[in-house]
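Architecture at a glance
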Amino acid sequence: MKNIVFMIAFLFLQLGHSQDSLDLSYYLPQDVSYDPTIPTPKEIIGHEVGEWHVTHDKLVFYMQALAKASDRVIIENRGETFEGRSLLLLTITTPENHKNLDTIRQDHVALTENGGDNLNLDMMPIVVYQGFSIHGNEPSGANAGMAYAYYLAAAQGPEIEGLLENTVILMDPSFNPDGLQRFAHWANTNKSDHLNSDSNDREFHEGWPGGRTNHYWFDMNRDWLPVQLPESRARIASFHKWMPNILTDHHEMGTNSTFFFQPGEPTRVHPLTPKMNQELTAEIGTYHARALDSIGSLYYSEEDYDDFYYGKGSTFPDINGGVGILFEQGSSRGHLQESENGTLSFPFTIRNQFVTALSTIKAAQAMRVKMLDYQRVFFRDMGIESAIGNDKALVFGDSKDAAKTWHFAEILQRQNIKFHQLSQDVRLNEKEYKKGYGYVIPKIQKNYRLIKAMFEKRTSFTDSIFYDVSAWTLPLAFNLDYTELRSLDLAGEEVTKLAPLTGDLNAQSDYAYLFEWNEYYSPKALNRIANENVRAKVAKAPFSLEGKEYGYGTIMIPVQQQKLESAELYKFLKKVALESNIQITGVKTGLTKGIDLGSNDFDPIKKQKVALLVGEGVRSYDAGEIWHVFDTRYDMNITKIDSEYFDSVDLSEYTDVIIPSMGDDGLSKKRSKKLKEWVKEGGTLIGYRDMAESFKKNGLMELKFKKDTLIANNIAFYQKEDYEGAQVTGGAIFEAKLDLSHPINFGYKNDRLPLFRNTNVYIEPDKNSYNNPIQYTNDPLMSGYISEENLEMLKNSVPFQVQRTGKGRVIVFTDNTNFRAFWYGTNKLLMNAIFFGDSM
């Protein structure tokens, strides 16, 4: 009988509040009074919370109005998204605390420093960072944020006043403004006046790419550690400024789910996360349970989600002395939708997010001293841990690529990790480290565990299933050399602010100019040169000239027979060098040791016009990463052609077409025929991931694949999900050997390359070894999880193939070489395919 009553109450809560009768009281505690001078959301944005999906501009208007009306709230704009939307942060506490806010912050951060043991915790406020809707199409969080902010500003009485006296709340009302705006537009423009809960309605099937991602279609809840995006950079700066004790991250999941809060799967916690972290997470969870019990909402924990990858919002605090909390609400994906648990309304989803936001700060208040002490002990233990062992520092760098090294150092600086200039050139473990191209990280510093999380290579795990990647070793992602040091003898001046990257042209020449292809921004320079119709050639063999060694892929610009006069060419190339942060060298002769500058082993470079297939069927993450690297790194135009009209586009004006992952059925016979004819006329077709299977199936390439023959023996039905999950390669790092003479590898210094892989596509090597310029080694696993069966197939397979068809080329990569914007180390592979495809 009790269960029947509970379910009736549960369904009533979902169905009982039609949007006609909806008001703010549905969300707010009713046992307190509210300050009438504080505006409600409806008074500012014109509708009740949950009546419509709030757009980001309206969200900003309300938060600004709230800060103007309340002395509990201050607001700051920390920057802009790619689309120019504000990245707001509200700081909410008592007016008295606001008067001493900087002192409170300094005292709080001092807990994480040497001497933290001397601080008195009795009167110290706890710091809670609450963020909403990092996935824009999971909007109940951001919409709940309006009601929650109103409550914090307007509620009256000893309970709220005592809570705010002991708490500083950092409220991030929209982690993803661009995605939120995109999804709100979809949901609102497809809303019916009479709400339609039929899941087949267009309202619940948003168009490609959807609102989950930011402007360049990145999942921003993977960027907390590498901090490559402007939204991430703003929140990480706020995080390190305050070092919050608790950070909450409000999400949504499938419509047929209920509500999840952490802790997650007990066996999927990263080993660097202290056991006490999970105990505190569980204790905080009891407050969420009571809050959800009080309104009759179903929920669960310790299932589905993990605490492993430190690049997620709910896990990043765990390696920084805090506790991260993930909330996942079953999504209405619109305003009202049928689900297995009854008709799910948007206001109901908002209410669950509201009550758990409130239960978070109630837990924080009750556990304040315990949480503050945990943070203090975490960093005290770091000091002890960092002093253990003989290694005192790490040196990293690339002696041929200052920019890539600089960008890695940029991550360290954003994560408040101390590092020093490399004081001198040095050779260690057969690796060259060059002053100006390398840095030294002292091991003994505030958060050595975060450094360890960035640099470690891990290949053994307690579980074989991962919610996200199992490896992210950052120096491998950047393809940097790194070595542990027994002393700080090589540490030069500490870097407190990274000097901007620089470039230059050494002298005017009347003969030729040269620049090496090793530097990260060399493609940016070459694209600028080609677009100016300045003739350039690429060296297919090494040479030395005027005391300097030049490798495969060196770019040569002759002075004669150019459209620009000698002085104009010098001025233009000097500007290119400065803007691209590369070194260009003017030379006086073409006579070299090796191939002379007039040799036929220099191939001409042509101006590139690149198209990217996007739209329905295409994996938006992969497409966005390619768009981003072209647009923001290399300043290269790339034409995004939607799959809806791709078949009617005249491709003859394009030199290259890139097709990201879109399933092995993504290419129709008509489309394949069109592409094949275009390739025969000289085009370069580049595919990724499962396009390898599609290219073979549609006669665009001749490939052989390794396939598993795994059979489930003695696996019970209840074990099926784990059995299949163990065969997923969710993201690990593997070693490949390179043929440096092949154009796909131009600009690489080492003959070994770490590659990221999250597919199970395994191509057999070609019978001719020169057609396998990139090949996995016989012992390829560097970091991360892969099943034994898949590892056997991966050994000696090839992640790249190129084949000629007529005048053109078809190229395929089995994995995304531009993964999540921080895989700097393999970005050049795509650029080589673009610029040097004709030479392959």
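Every value quoted in this text rests on a predicted model; they were computed, and no experiment measured them.

Analysis parameters
- Every chain's residues receive numbers from 1 upward, in the order its sequence appears when written.
- The predicted nature of this model means local features are confined to residues of pLDDT at least 70 and side-chain atom pairs, given and counted, to a pLDDT of 80 or more, with totals for whole chains, interfaces and linings taken over all residues.
- Where side-chain values are given, they derive from all heavy atoms of the structure, hydrogens and water being excluded.
- Helical segments are the DSSP runs of H or I of at least four residues, strand segments are the runs of E of at least two, and each set is numbered from the N terminus.
- As a reference, a globule follows 2.2 Å times the number of residues to the power 0.38, and the radius of gyration itself is taken over C-alpha atoms.
- Only protein chains enter the area calculation, which uses a 1.4 Å probe; residues under 20% of their type maximum are buried, those over 50% are exposed, and those in between are partly exposed.
- Residues are treated as being in contact if the distance between any of their heavy atoms lies within 4.5 Å.
- Computed with a 1.4 Å probe, the accessible areas rest on the Shrake-Rupley method; for each residue, only the protein chains presented here act as cover.
- In this tally, Lys and Arg are treated as positive and Asp and Glu as negative; His is ignored, and so are the chain termini.
- Charge positions come from single atoms, namely NZ of Lys, CZ of Arg, CG of Asp or CD of Glu.
- Polar contacts here mean pairs of N or O atoms no more than 3.5 Å apart (in protein, one a potential hydrogen donor and the other a potential acceptor; neighbouring residues in sequence count only if both atoms are side-chain atoms).
- Side-chain atoms within 4.5 Å are what join buried Ala, Val, Leu, Ile, Met, Phe, Trp, Tyr and Cys residues into a set we call a nonpolar core.
- Strands pair, by our definition, only if DSSP identifies at least two bridges between them.
- Patches draw on residues past 30% relative accessible area with no salt bridge. Two like charges within 9 Å are joined, as are two nonpolar side chains (Val, Leu, Ile, Met, Phe, Trp, Tyr) within 5 Å.
- When a carboxyl oxygen of Asp or Glu is within 4 Å of a side-chain nitrogen of Lys or Arg, the pair counts as a salt bridge.
- Working convention: axes come from line fits to C-alpha atoms, limited for helices to the stretch in contact. Angles between N-to-C directions cover 0 to 180 degrees.
- Relative orientations are named as follows: roughly parallel for angles under 35 degrees, roughly antiparallel for angles over 145 degrees, roughly perpendicular for angles from 65 to 115 degrees, and oblique for any other angle.
- By definition, turning the near helix anticlockwise from the far helix through less than a right angle yields a left-handed crossing, and turning it clockwise yields a right-handed one.
- Residues are grouped as follows: Ala, Val, Leu, Ile, Met, Phe, Trp, Tyr, Cys and Pro are nonpolar; Asp, Glu, Lys and Arg are charged; all remaining types, including Gly, are polar.
- Multiplying 1.5 Å by the residue count of a helix minus one yields the expected span of that helix.
- Any two of the Phe, Tyr and Trp rings considered here, Trp counted by its six-membered ring, make a pair once their centres fall within 6.5 Å; the pair's planes then place it as stacked at under 30 degrees, edge-to-face at over 60, or tilted in between.
- Our definition puts a charge over a ring when NZ of Lys or CZ of Arg is within 6 Å of the ring centre and also within 35 degrees of the ring normal.

**Observations regarding the overall build of the protein chain**
- Looking only at helices and strands, one finds 23 helices and 36 strands in the protein chain.
- A compact globule built from 840 residues should have a C-alpha radius of gyration of about 28 Å, and the protein chain, at 28 Å, falls within 12% of that.
- Seen through its C-alpha atoms, the protein chain measures out along the principal axes to roughly 90 × 65 × 60 Å.
- Classification of the 840 residues of the protein chain by burial places 63% in the buried group.
- Contacts in the protein chain between residues at least 24 apart in sequence constitute 79% of all its contacts with a sequence separation of at least 6.
- Working note: accessible area of the protein chain is about 32600 Å², and carbon and sulfur atoms make up 47% of it.
- Averaging the coordinates of the 88 positive side-chain charges in the protein chain and doing the same for the 111 negative ones gives two points 6 Å apart.

**Notes on helix α7 (residues 158-165)**
- Taken together, the buried positions of α7 are Ile160, Gly162, Leu163 and Leu164.
- Close packing links the buried residues of α7 with β3 (86-92), α4 (95-99), α6 (140-154), β5 (155-156), β6 (167-172) and α11 (346-366).

**Some remarks on the side chain of glutamine 801**
- Looking at the secondary structure, you find glutamine 801 in strand β35 (residues 800-805).
- Here glutamine 801 falls in the buried class, since its relative accessible area comes to 3%.
- Of note is the side chain of glutamine 801, whose polar atom sits 2.7 Å from the backbone oxygen of asparagine 771.
- At 3.5 Å, the side chain of glutamine 801 and the side chain of asparagine 772 are in polar contact.
- In this structure, glutamine 801 is in contact with Met701, Leu703, Ile763, Asp766, Asn771, Asn772, Val810, Ile811 and Val812, ignoring residues within four places of it in sequence.

**Here we look at the nonpolar core**
- Counting residues in hydrophobic clusters, the biggest one holds 236 residues, and the most contacted among them are Phe630 and Ile658.
- Here the element with the most residues in this core is α6; it accounts for 11 residues.
- In this view, phenylalanine 630 contacts Val610, Asp635, Met636, Asn637, Ile638, Ile658, Leu830, Met831 and Ile834; residues no more than four positions away in its chain are not counted.
- Core analysis: the second largest hydrophobic core is formed by 12 residues, Ala512, Leu514, Ala539 and Met556 among them.

**Observations concerning unusual backbone geometry**
- A cis amide bond links tryptophan 208 with the next residue in sequence, proline 209, at an omega value of 0 degrees.
- Inspection of the secondary structure puts proline 209 in the loop between α8 (177-189) and α9 (230-242).
- Geometrically, the link from glutamine 262 to proline 263 is a cis peptide bond, its omega value of 20 degrees lying close to zero.
- Topologically, proline 263 is positioned in the loop between β8 (259-261) and α10 (275-295).
- A positive phi angle, near 40 degrees, is found at valine 227, a position not held by glycine.
- Along the chain, valine 227 falls in the loop between α8 and α9.
- One non-glycine residue with positive phi stands out, namely glutamate 430, at about 65 degrees.
- Overall, glutamate 430 belongs to the exposed group, its relative accessible area being 70%.

**Some words on the pairing of strand β2 (residues 73-80)**
- Bridge analysis of β2 against β3 gives 6 bridges, and the strand direction is antiparallel. From the neighbouring strand, glutamate 80 faces β3, where its bridge partner is serine 86.
- Hairpin connection, β2 to β3: the antiparallel pair is bridged by 5 residues, and glycine 84 has positive phi, about 85 degrees.

**Let's talk about a negative patch on the surface**
- A cluster of like negative charges, contributed by Glu302, Glu303, Asp304, Glu721 and Asp722, occupies part of the molecular surface.
- Within the secondary structure layout, glutamate 302 lies in the loop between α10 and β9 (323-330).

**Structural notes on the pattern of salt bridges**
- Under the criterion given, the structure shown has 46 salt bridges.
- Note that glutamate 83 and arginine 85 form a salt bridge whose closest N and O atoms lie 2.4 Å from each other.
- Classification of glutamate 83 as partly exposed rests on a relative accessible area of 36%.
- When the shortest N-O distance is used, the salt bridge between aspartate 391 and arginine 486 registers 3.3 Å. With aspartate 391 in the loop between α12 (368-386) and β12 (393-397) and arginine 486 in the loop between β17 (481-485) and β18 (491-494), the pair connects residues that are 95 residues apart, well separated along the chain.

**Points about the packing of α10 against α11**
- Two elements in contact, α10 and α11, have axes whose closest approach is 8 Å; the angle formed by their N-to-C orientations is 140 degrees. One way to sum up the angle between α10 and α11 is to call them oblique. Crossing of α10 over α11 shows right-handed handedness. Facing α10, whose interface residues are Ile284, Tyr287, His288, Ala291, Leu292 and Ile295, α11 presents Arg351, Asn352, Val355, Thr356, Ser359, Thr360, Lys362, Ala363 and Ala366.
- Of the residues belonging to the contact of α10 with α11, the class tally is 8 nonpolar, 5 polar and 2 charged.

**Some thoughts on the sheet that holds β6**
- Across the sheet, which stays open at both edges, the 7 strands sit in the order β2-β3-β6-β4-β7-β9-β8 with mixed pairing between neighbours. The sheet is open, and its two edges are formed by β2 and β8, each paired on a single side. Sheet twist, expressed as the average angle between the axes of neighbouring strands with direction ignored, equals 20 degrees.
- As defined by bridge partners, β3 adjoins β6 across 3 bridges and the pair is classed as antiparallel. Bridge pairing links threonine 91 to leucine 170 in β6.

**Some words on α8**
- Taking 1.5 Å per residue as the helical rise, α8 with its 13 residues ought to reach 18 Å, and the 18 Å between its terminal C-alpha atoms agrees with that figure.
- Across the 13 residues that make up α8, a large majority, 10, are buried.
- For α8, the full list of buried residues reads Pro177, Asp178, Gly179, Leu180, Gln181, Phe183, Ala184, Trp186, Ala187 and Asn188.
- Those residues of α8 hidden inside the fold are in contact with α3 (56-69), β3, α6 and α9.

**Side note on the pairing of β6**
- Where burial is concerned, most of β6 is hidden: 6 out of the 6 residues are buried.
- Here β6 shows a buried face lined by Thr167, Ile169 and Met171 and a second buried face lined by Val168, Leu170 and Asp172.
- Where strand β4 (residues 126-132) and β6 come together, 6 bridges link them in parallel fashion. Across the sheet, the residue bridging to glutamine 130 is methionine 171, located in β6.

**Focus on the environment of asparagine 760**
- Mapped onto the fold, asparagine 760 is located in the loop between β33 (752-757) and β34 (774-783).
- Classification of asparagine 760 by relative accessible area gives partly exposed; the value is 35%.
- Not counting residues up to four positions away in its chain, the partners in contact with asparagine 760 are Gln727, Val728, Thr729 and Asn790.
- At 2.8 Å, the side chain of asparagine 760 forms a polar contact with the backbone oxygen of glutamine 727.

**Things to note about the side chain of glutamine 278**
- One can find glutamine 278 in helix α10.
- For glutamine 278, a relative accessible area of 17% corresponds to the buried category.
- Looking at glutamine 278, its side chain comes within polar contact range of the side chain of asparagine 277, at 2.9 Å.

**What about the packing of aromatic side chains?**
- On inspection of all chains with the given rule, the structure shows 52 aromatic pairs.
- Summarising the aromatic geometry, the rings of phenylalanine 419 and tyrosine 439 are spaced 5.4 Å apart at their centres and angled 90 degrees between planes, so their arrangement reads as edge-to-face. With phenylalanine 419 in the loop between α13 (402-414) and β13 (420-422) and tyrosine 439 in strand β16 (residues 438-442), this residue pair connects regions lying 20 residues apart in the sequence. Here phenylalanine 419 and tyrosine 439 have matching classes, each one buried.
- Put simply, the rings of Phe396, Phe408, Phe419, Tyr439, Phe455, Phe478, Tyr482, Tyr520, Tyr521, Tyr634 and Tyr824 touch in pairs and so form one group of aromatic residues.
- Taking NZ or CZ as reference, lysine 191 lies 3.7 Å from the ring centre of tryptophan 52, over its face.
- It is lysine 707 that lies over the ring of phenylalanine 705; its NZ or CZ is 5.5 Å from the centre.

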